[in-house]
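Here is what each chain is made of, one letter per residue.
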Amino acid sequence: MISYLINKFVPNAQDTKNQQVRSQVGRLCGWIGIFNNILLFLIKFMIGTVVQSVSIQADAINNLTDAISNIISIISFRISNKPADASHPYGHQRTETIASMFVGLIIVVLGFELAKESFTKIIHPGVIDFRWVTIFILCISIAMKLWMYSYNKALSKKYESSLLEATALDSISDVLGTTAVLISTILSPIFHFNLDGYMGVIVSVIILINAYNLIKDVINSLLGMAPDEQLVKDIKAFILQSNQVLGVHDFIVHNYGPNRNFASAHEEVNSQNDIF
């Protein structure tokens, strides 16, 4: 379905290196994410309120914040598509990386909020209220989030997008969270013990670990990482094709976002020759 929508609404969608194409694909995924997350929020919050489950309500609020993340994603993809100007001579592509950081911080806040609510639930467990409709809704939610994870993950690799990668990570965190809620909902009546809070703690730890890994990668990208070794070899080999060049040193590659690399190098030449 995603491939159909991309091919229908994004011209030249197969040109994965084109910044305009990447921006349109990212924004399309953002709008699809907003619709899905708001739908899940409304359904799960209603169910969570009826059965008085803090983990289901927290899961619903998580979906609402995911919709906010999608809005950030749409805005950042639009800004990153702006051409270079006098104030930003290297372009605006790093906006996408910065937005990934915001998504990571939102996931951190969610993890801590879920942990806090879960500890409260452990101290003050509520009445176990088992309903088949709850199981059905949770299964639908898991299936939808797995679908969102799969297409965001695939597109993040295809279009080399850290922001789509962050969105995919957010979706798989939701899958883990909702799965824990589902397990709690099924097992609590069997053991006659409310597992809601304990499952919430486990999920919050998983979410925080994923958020840490995401933020670490984003920070490394912003600080500047060593360039790909093969890229360095290819550029040096290209420079050395000239008979005038005897060697290369002080080779530097700067990355300013997806498909936005700038390189400089000092070339060694014969001082006896007129290099001009």
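Caption draft 1: Just the overall build of the protein chain, in detail. Counting its regular elements, the protein chain contains 8 helices and 2 strands. Tracing the protein chain from N to C terminus, the helices and strands come up as α-α-α-α-α-α-α-α-β-β. For the protein chain, the spread of C-alpha atoms along the principal axes amounts to about 90 × 40 × 30 Å. Looking at the protein chain as a whole, 45% of its 276 residues are labelled buried. By sequence separation, contacts in the protein chain at least 24 residues apart represent 68% of the contacts at least 6 residues apart. Summing over all exposed atoms, the protein chain offers an accessible surface of approximately 15,100 Å²; the carbon and sulfur share of this is 65%.

Caption draft 2: Representation of a nonpolar patch on the surface. Together, Phe130, Trp132, Ile186, Ile190, Phe191, Phe193 and Tyr198 make up an exposed nonpolar region whose accessible area comes to about 780 Å². Of all the elements, helix α6 (residues 162-191) adds the most residues to the nonpolar patch, at 3 residues. Locating Phe191 in the fold gives a position in helix α6.

Caption draft 3: Spatial organisation of the nonpolar core. With 35 residues, the main nonpolar core has Ile6, Val10, Val25, Tyr151, Leu155 and Tyr159 as its most contacted residues. Secondary structure elements with two or more residues in this core: α1 (2-9), α2 (19-51), α3 (54-80), α4 (94-123), α5 (132-158), α6 and α7 (196-223). When residues of this core are assigned to their parent elements, the largest contribution, 7 residues, is made by α7. When sequence neighbours within four positions are dropped, the list of residues in contact with Val10 reads Leu5, Val21, Gln24, Val25 and Leu28. Core analysis: the next-biggest nonpolar cluster, separate from the first, contains 8 residues, Leu138, Ile142, Val181 and Leu182 among them.

Caption draft 4: Spotlight on the side chain of Ser161. Within the fold, Ser161 resides in the loop between α5 and α6. Leaving out residues up to four positions away in the same chain, Ser161 has contacts with Arg22, Phe77, Glu96 and Ser156.

Caption draft 5: Looking closely at the packing of α4 against α6. Following both chains from N to C, one finds α4 and α6 inclined at 15°, their axes separated by 8 Å at the closest point. Judged by the angle between their axes, α4 and α6 are roughly parallel. Here α4 and α6 pass one another in a crossing that is left-handed. Here α4 contributes Glu96, Thr97, Ala99, Ser100, Val103 and Ile107 to the contact with α6, which in turn contributes Ser162, Leu163, Ala166 and Asp170. For the contact of α4 with α6, the per-class residue count stands at 5 nonpolar, 3 polar and 2 charged.

Caption draft 6: Representation of the confidence of the model for the protein chain in the model. Looking at the protein chain as a whole, the pLDDT averages 83, with 97% of positions reaching at least 70. For the protein chain, the element scoring lowest by mean pLDDT is α3, at 80; α5 scores highest, at 89.

Caption draft 7: Region of interest: unusual backbone geometry. In this structure, His192 takes a positive phi of about 55° despite not being glycine. Along the polypeptide, His192 turns up in the loop between α6 and α7. Within the chain, Asp250 stands out as a residue other than glycine whose phi angle is a positive 50°. Within the fold, Asp250 resides in strand β1 (residues 245-255).

Caption draft 8: Quick look at the environment of Ser162. Note on placement: Ser162 falls in helix α6. A relative accessible area of 29% means that Ser162 is categorised as partly exposed. C-alpha of Ser162 to C-alpha of Asp217: the two residues are 55 residues apart in sequence and 9.2 Å apart in space. When sequence neighbours within four positions are dropped, the list of residues in contact with Ser162 reads Glu96, Thr97 and Ser100.

Caption draft 9: Representation of the packing of aromatic side chains within the structure. Under the defined criterion, the tally for this structure stands at 3 aromatic pairs. Here Phe41 and Phe45 contribute two aromatic rings whose centre-to-centre distance is 5.6 Å and whose plane-to-plane angle is 35°, an arrangement assigned as tilted. Of the two residues, Phe41 and Phe45 are both situated in helix α2; the distance of 4 residues between them amounts to about one turn of the helix. Owing to a relative accessible area of 17%, Phe41 belongs among the buried residues under this scheme. Judged by centre distance (5.7 Å) and plane angle (35°), the ring pair of Phe193 and Tyr198 falls under tilted. In this structure Tyr198 comes out as partly exposed when scored by relative accessible area, which is 37%.

Definitions and limits used
- Residues numbered from 1 in each chain as written.
- Predicted model: local features only at pLDDT ≥ 70, side-chain atom pairs only at ≥ 80, totals over all residues.
- Heavy atoms only, no water.
- Helix = DSSP H or I, 4+ residues; strand = E, 2+ residues; numbered from the N terminus.
- Buried < 20%, exposed > 50% of the residue type's maximum accessible area, 1.4 Å probe, protein only.
- Contact = heavy atoms within 4.5 Å.
- Areas by Shrake-Rupley, 256 points an atom, 1.4 Å probe, with all protein chains shown as cover.
- Patch = residues over 30% accessible without salt bridge, like charges linked within 9 Å, V, L, I, M, F, W, Y side chains within 5 Å.
- Salt bridge = Lys/Arg side-chain N within 4 Å of Asp/Glu carboxyl O.
- Core = buried A, V, L, I, M, F, W, Y, C linked by side-chain atoms within 4.5 Å.
- Axes fitted to C-alpha atoms, helices over the stretch in contact; angles between N-to-C directions.
- Parallel < 35°, antiparallel > 145°, perpendicular 65-115°, else oblique.
- Left-handed = near helix turned anticlockwise from the far one by under 90°.
- Nonpolar A, V, L, I, M, F, W, Y, C, P; charged D, E, K, R; others polar.
- pLDDT = per-residue confidence, 0-100.
- Phe/Tyr/Trp six-rings, centres within 6.5 Å; stacked < 30°, edge-to-face > 60°.

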